[in-house]
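Chains, contacts and geometry: an overview
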Amino acid sequence: MRFLGNIEAKTDAKGRAFLPASFRKVLQASGEENLVLRKDVFQKCLVLYPESVWNGRLDLLKSQLRLWKHDHQQIFRQFVSEAEVVNLDGNGRFLISKRLLKTAEIEQDIQFIGMDDTIEIWSPQNLKQTLQTEEEFGKEFENIMNAGDAL
């Protein structure tokens, strides 16, 4: 399952958004029906997880934690309690709660970013602040891709 693209959209007055058709096709082809929405751990954006991906990430997190350790239990609690199950209606829309809209500083305009097995939802302003210039991106990409070279 691979989501690709940068798609502009809008939410309606109730906070509903249409999941882009290209992303819905990927979900349908993968047999995914249930989705989980949560604020990103690091950025001011939301992450939409297909249920199987969410379950995999949750299992990975649990494998890194000792749940009988107080601070580990608190991390797990916060990660899980901030997630919401969302469902697509017959038109391909889903509701973004007011709490999550506020947390991600989303008003009406949004951008969906395909991030391989998840989908990010951004306010255009926050996305613009996060992205590097083309030159910065090129240099960093080169550094990462050549990090393993022993020249």
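The structure this text deals with has already been given above.
Residues numbered from 1 in each chain as written. Predicted model: local features only at pLDDT ≥ 70, side-chain atom pairs only at ≥ 80, totals over all residues. Heavy atoms only, no water.

1. Considerations on the overall build of the chain
To keep it simple, the criterion reads: Runs of H or I in DSSP of at least four residues are treated as helices and runs of E of at least two as strands, each being numbered from the N terminus. Note on classification: 1.4 Å probe, protein chains only; a residue is buried when its accessible area is under 20% of the maximum for its type, exposed when over 50%, partly exposed between these limits. Here, residues are in contact when the closest pair of their heavy atoms is within 4.5 Å. Residues scored as charged are limited to Lys and Arg (positive) and Asp and Glu (negative), so that His and the chain ends carry no count. Charged side chains are reduced to one point each, which is NZ for Lys, CZ for Arg, CG for Asp and CD for Glu.
Within the chain, the secondary structure is distributed over six helices and eight strands. The burial tally for the chain puts 36% of its 151 residues in the buried class. Considering only contacts in the chain between residues 6 or more positions apart, those separated by 24 or more positions represent 59%. Looking at charge distribution, the chain has the averaged site of its 20 positive side-chain charges lying 7 Å from that of its 23 negative ones.

2. So, the packing of aromatic side chains
Cut-off, in case you're wondering: Each aromatic pair joins two rings of Phe, Tyr and Trp (for Trp, the six-membered one) with centres within 6.5 Å, and gets the label stacked for planes under 30 degrees apart, edge-to-face for over 60, and tilted for any other angle.
Taken as a whole and judged by the stated rule, the model has six aromatic pairs. Plain terms: the ring middles of Phe23 and Phe112 are 6.5 Å apart, the flat faces sit at 75 degrees to each other, and that makes the pair edge-to-face. Here Phe23, found in helix H1 (residues 21–30), pairs with Phe112, found in strand E7 (residues 109–115); they are 89 residues apart in sequence, far enough to count as distant. As far as the burial class goes, Phe23 and Phe112 line up, both buried. Ring centres 5.6 Å apart and planes at 35 degrees place the aromatic pair Phe137 and Phe141 in the tilted group. Residue Phe137 and its partner Phe141 are both found in helix H6 (residues 134–145); the two are separated by four residues, about one turn of the helix. Aromatic ring contacts, followed pair by pair, group Phe3, Phe23, Phe94 and Phe112 into a single cluster.

3. Overview of the packing of helix H2 (residues 51–64) against helix H3 (residues 70–81)
For the record, the criterion: Axes here refer to lines fitted to C-alpha atoms; in helices the fit is confined to the stretch in contact. Angles between the N-to-C directions go from 0 to 180 degrees. The labels follow the angle: roughly parallel below 35 degrees, roughly antiparallel above 145, roughly perpendicular from 65 to 115, and oblique for the rest. Crossings are classed by handedness, with left-handed meaning an anticlockwise turn of the near helix from the far one by less than a right angle and right-handed meaning a clockwise turn. Residue type decides the class: Asp, Glu, Lys and Arg count as charged, Ala, Val, Leu, Ile, Met, Phe, Trp, Tyr, Cys and Pro as nonpolar, and the leftover types, Gly among them, as polar.
Two numbers describe how H2 lies on H3: the axes approach to 10 Å, and their chain directions differ by 170 degrees. Overall, the two elements H2 and H3 adopt an arrangement that is roughly antiparallel. Taken as a pair, H2 and H3 cross one another with a handedness that is right-handed. Taken together, the residues of H3 that come into contact with H2 (itself represented by Trp54, Leu58, Leu61, Lys62 and Gln64) are His72, Phe76, Phe79 and Val80. Broken down by class, the residue content of the contact of H2 with H3 amounts to six nonpolar, two polar and one charged.

4. Considerations on H3
So the rule is basically this: Given a helix with a known number of residues, its expected span is that number minus one, times 1.5 Å. As used here, the arc is the angular range of directions from the helix axis to the C-beta atoms.
Relative to the 16 Å expected for twelve residues at 1.5 Å per residue, H3 spans 16 Å between its end C-alpha atoms, a close match to the ideal helical length. Those residues of H3 not exposed but buried are His72, Phe76 and Phe79. Summarising the axial view, the buried residues of H3 lie within an arc of 70 degrees, below the 170-degree limit, and thus occupy one face. Seen from the buried face of H3, the exposed residues on the opposite side, beyond 90 degrees, are His70 and Ser81. As for H3, its buried residues are in contact with strand E3 (35–39), strand E4 (46–50) and H2.

5. Re the nonpolar core
Definition in use: Working definition of a nonpolar core: buried Ala, Val, Leu, Ile, Met, Phe, Trp, Tyr and Cys residues. They are joined through side-chain atoms within 4.5 Å.
With 21 residues, the main nonpolar core has Phe94, Ile96, Phe112 and Ile121 as its most contacted residues. Looking at this core, the elements that each hand over two or more residues are H1, E3, E4, helix H4 (98–103), E7 and strand E8 (118–122). At three residues, the largest contribution of residues to this core is made by H1. Among residues more than four places away in sequence, those in contact with Phe94 are Gly15, Arg16, Ala17, Leu19, Leu48, Val86, Asn87, Leu88, Phe112 and Ile121.

6. A look at H2
A rise of 1.5 Å per residue sets the reference length of H2, with its 14 residues, at 20 Å; its end C-alpha atoms lie 20 Å apart and thus fit the reference within 8%. For H2, the full list of buried residues reads Val53, Trp54, Leu58 and Leu61. Summarising the axial view, the buried residues of H2 lie within an arc of 135 degrees, below the 170-degree limit, and thus occupy one face. Projecting away from the buried face of H2 at angles above 90 degrees are the exposed residues Leu60 and Ser63.

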